[in-house]
Amino acid sequence: MSKKTGKPLVPSNIETLKPYVAGKTIAEVAELYKPRKIAKLASNENRLGCSPKVKQAVDQAFKQIQDYPDPIARKLRAAIAERNNVKPKHVLIASGSESIISILCKTFFLNKENAITADATFVGFFVQIGVRGIHMKNIPVTPDYKFDVKAIANAIDENTKMVYIANPNNPTGTYLTKDEFSWLMEKVPEDVLVVMDEAYFEYAKDVEDYPHALEYDYDNIIVLRTFSKAYGLAGFRVGYAIADEELIKNMMKTKLTFEPTTLGQAAALAAYKDDEFLAKSVKVVEESKERLYEFFKEHRVEYVKSISNSVMMVLPSEDEAMDFAQKMLEKGVILRRINAFGLPNCIRITVGLADEMDHFEQSFLEVWNKQ
């Protein structure tokens, strides 16, 4: 047997990394608790489903399943470029926003460099940063659960490579306004990348003071979007980045060659062309959010207004949040405790269809009255 060198098999940044822990699936809850009904309101999925045009497109694409996917997703890339008034060479498509975040980490960071974001934002960013062993500067959110642009600007130093902002933010549903974003961009050096994760763009884009990052003339902005939310294709894992040609060209070097899949590309293209379904999805979310706001006001529950497809409920303590989420789970209502996001006393509720919100409200009253 050969001698040991003393080097660890697993690097310390991986050994200490906290992996992303997904919420329970419908199948798990059914097996564990056998509730009369299940409402999955945990993962910010589109509870309406996806465009009916997707199935036909996927069935057609299945005929080519023996072949590798188009490595740059030409048809989907062209459609995204056209709608966003950019050239295809400004677009990169991969297996969801988290895959693109991984690409960013592989492409742009030197070992000594750092990234800055809020301490309560998308967990997937922290995981991918941790995989690469990048130093993170986590800036506390403001008292109203927003990115603190002044603190972020002050945290930038000579080793900062990237500022990550989810807008709207996940899990809080809050957002940077046009004025806040403009102020921040004036403070960020041109050699620091600003990643604007607009996963919930379709829900937010018509809010009057919401900034569309693509409309700002900065070469260091990278915009991320996804088909997992408003388009209802979470199971296909398709996301995209839009950025300066040089940035995209270098990201293409580190992207896995054949992603997303043939079926994912076909599904995304069909969904992207169905504006009627998208409008319906957005309307369902807006109506359900207003219903949830009124319900919370009636029962004096603290919450945070959102421009995404979820609402954050604020409880007095972590113990109460744990107890409430567990009791709701036993009744078949799957919610998302967001302790992993740095908000242990908060719960994220995906707004669902009318019957799902009925189930939420009925279960809520049964649980809340026994608290």
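Residues numbered from 1 in each chain as written. Predicted model: local features only at pLDDT ≥ 70, side-chain atom pairs only at ≥ 80, totals over all residues. Heavy atoms only, no water.

Peer 1: So what exactly am I meant to see when it comes to the sheet that holds strand β13 (residues 346-350) here?
Peer 2: Each strand in a sheet pairs with another by means of backbone hydrogen bonds, the pair being arranged parallel or else antiparallel. The strand order across the open sheet formed by 4 strands is β9-β10-β13-β12, and the pairing between neighbours is antiparallel. Lying at the two open borders of the sheet, with one neighbouring strand each, are β9 (302-304) and β12 (336-337). (Pairing = 2+ DSSP bridges. Helix = DSSP H or I, 4+ residues; strand = E, 2+ residues; numbered from the N terminus.)

Peer 1: What is the right way to look at a nonpolar patch on the surface in this model?
Peer 2: Side chains of Leu9, Val10, Ile14 and Val131 sit close together on the surface and give an oily, nonpolar patch of about 380 Å² of accessible area. Relative to the elements of secondary structure, Leu9 occurs in the segment before α1 (12-15). (Patch = residues over 30% accessible without salt bridge, like charges linked within 9 Å, V, L, I, M, F, W, Y side chains within 5 Å. Areas by Shrake-Rupley, 256 points an atom, 1.4 Å probe, with all protein chains shown as cover. Salt bridge = Lys/Arg side-chain N within 4 Å of Asp/Glu carboxyl O.)

Peer 1: Mind showing me how you'd approach the sheet that holds strand β3 (residues 114-118) here?
Peer 2: Reading across from one edge, β2-β8-β7-β6-β5-β3-β4 is the order of the 7 strands in this open sheet, with mixed pairing throughout. Pairing within the sheet leaves two strands with one partner each, and these edge strands are β2 (91-94) and β4 (135-139). Between one strand axis and the next, the sheet turns through 20° on average, direction left out of account. Judged from the 4 bridges that link them, strand β7 (residues 221-226) and strand β8 (residues 239-242) form a sheet pairing that is antiparallel. Each bridged residue has a counterpart across the sheet, and for Thr226 the counterpart in β8 is Gly239. (Axes fitted to C-alpha atoms, helices over the stretch in contact; angles between N-to-C directions.)

Peer 1: What is the right way to read the pattern of salt bridges from this model?
Peer 2: Under the counting rule described, the total for this entry stands at 21 salt bridges. Among the ionic pairs, Glu356 bridges to Arg47, the shortest N-O distance being 3.2 Å. With a gap of 309 residues between them, Glu356 in helix α14 (residues 354-368) and Arg47 in the loop between β1 (39-40) and α3 (53-61) connect regions that are remote in the sequence. Assessed through its relative accessible area of 8%, Glu356 is described here as buried. A salt bridge links Glu245 to Lys89; its shortest N-O distance comes to 3.4 Å. (Buried < 20%, exposed > 50% of the residue type's maximum accessible area, 1.4 Å probe, protein only.)

Peer 1: Whenever I open this one, the packing of aromatic side chains confuses me. Can you help?
Peer 2: Geometrically, a pair of aromatic rings is defined through the distance of the ring centres and the angle of the planes. This model, assessed by the stated rule, comprises 21 aromatic pairs. For the ring pair Phe296 and Tyr303, a centre distance of 5.9 Å and an interplane angle of 35° mean the geometry is tilted. Taken as a pair, Phe296 and Tyr303 share a single burial class, namely buried. Site record: aromatic cluster; members linked through ring pairs are Tyr293, Phe295, Phe296, Tyr303, Phe324, Phe360, Phe364 and Trp368. Against the face of Tyr272 rests Arg83, its NZ or CZ located 4.0 Å from the ring centre. (Phe/Tyr/Trp six-rings, centres within 6.5 Å; stacked < 30°, edge-to-face > 60°. Lys NZ or Arg CZ within 6 Å of the ring centre and 35° of its normal.)

Peer 1: What's the story with the nonpolar core in this structure? I'm lost.
Peer 2: Nonpolar side chains in soluble globular proteins generally cluster together in the buried interior. Formed by 55 residues in total, the largest nonpolar core has its most connected members in Phe227, Phe296 and Phe360. With 8 residues, the single largest contributor to this core is helix α11 (residues 262-272). Those residues within four positions of Phe360 in sequence are excluded, and the remaining contacts are Leu41, Leu292, Phe295, Phe296, Met328, Val333, Leu335 and Ile349. Core analysis: the next-biggest nonpolar cluster, separate from the first, contains 34 residues, Ala118, Val123, Phe147 and Val194 among them. (Core = buried A, V, L, I, M, F, W, Y, C linked by side-chain atoms within 4.5 Å. Contact = heavy atoms within 4.5 Å.)

Peer 1: Please explain a negative patch on the surface as it appears in this structure.
Peer 2: Negative charge collects at one region of the surface, where Glu190, Asp191, Asp217 and Asp219 lie side by side. Mapping Asp219 onto the fold places it in the loop between α9 (201-204) and β7. (Lys, Arg positive; Asp, Glu negative; His and termini not counted. Charge placed at Lys NZ, Arg CZ, Asp CG, Glu CD.)

Peer 1: I'm lost on the packing of helix α4 (residues 74-83) against α11 in this one. Help?
Peer 2: Two quantities define a packed helix pair, namely the angle between the helix axes and the distance between the axes. Two elements in contact, α4 and α11, have axes separated by 9 Å at closest approach and are oriented at 30°. By the criterion of interaxial angle, the relationship of α4 to α11 is roughly parallel. Crossing of α4 against α11: the hand is left-handed. Within the contact between the two elements, α4 uses Lys75, Leu76, Ala79, Ile80 and Arg83 and α11 uses Gln265, Ala268, Leu269 and Tyr272. Grouping the amino acids of the contact of α4 with α11 by side-chain chemistry returns 6 nonpolar, 1 polar and 2 charged. (Parallel < 35°, antiparallel > 145°, perpendicular 65-115°, else oblique. Left-handed = near helix turned anticlockwise from the far one by under 90°. Nonpolar A, V, L, I, M, F, W, Y, C, P; charged D, E, K, R; others polar.)

Peer 1: Explain unusual backbone geometry to me, please; I cannot follow it from the model alone.
Peer 2: Across the chain, the bulk of peptide bonds are trans and the bulk of non-glycine residues have phi less than zero. The omega torsion across Asn170 and Pro171 is 25°, close enough to zero to call that bond cis. Here Glu259 and Pro260 are connected by a cis peptide whose omega angle stands at -5°. Relative to the helices and strands, Pro260 is located in the loop between α10 (245-254) and α11. Phi is positive for Tyr145, which is not a glycine, with a value near 65°. Turning to its location among the elements, Tyr145 is positioned in the loop between β4 and α7 (149-155). Since its relative accessible area comes to 17%, Tyr145 is described here as buried. Positive phi, normally seen in glycine, also occurs at Arg237, with a value near 55°. Considering the arrangement of structural elements, one finds Arg237 in the loop between β7 and β8.

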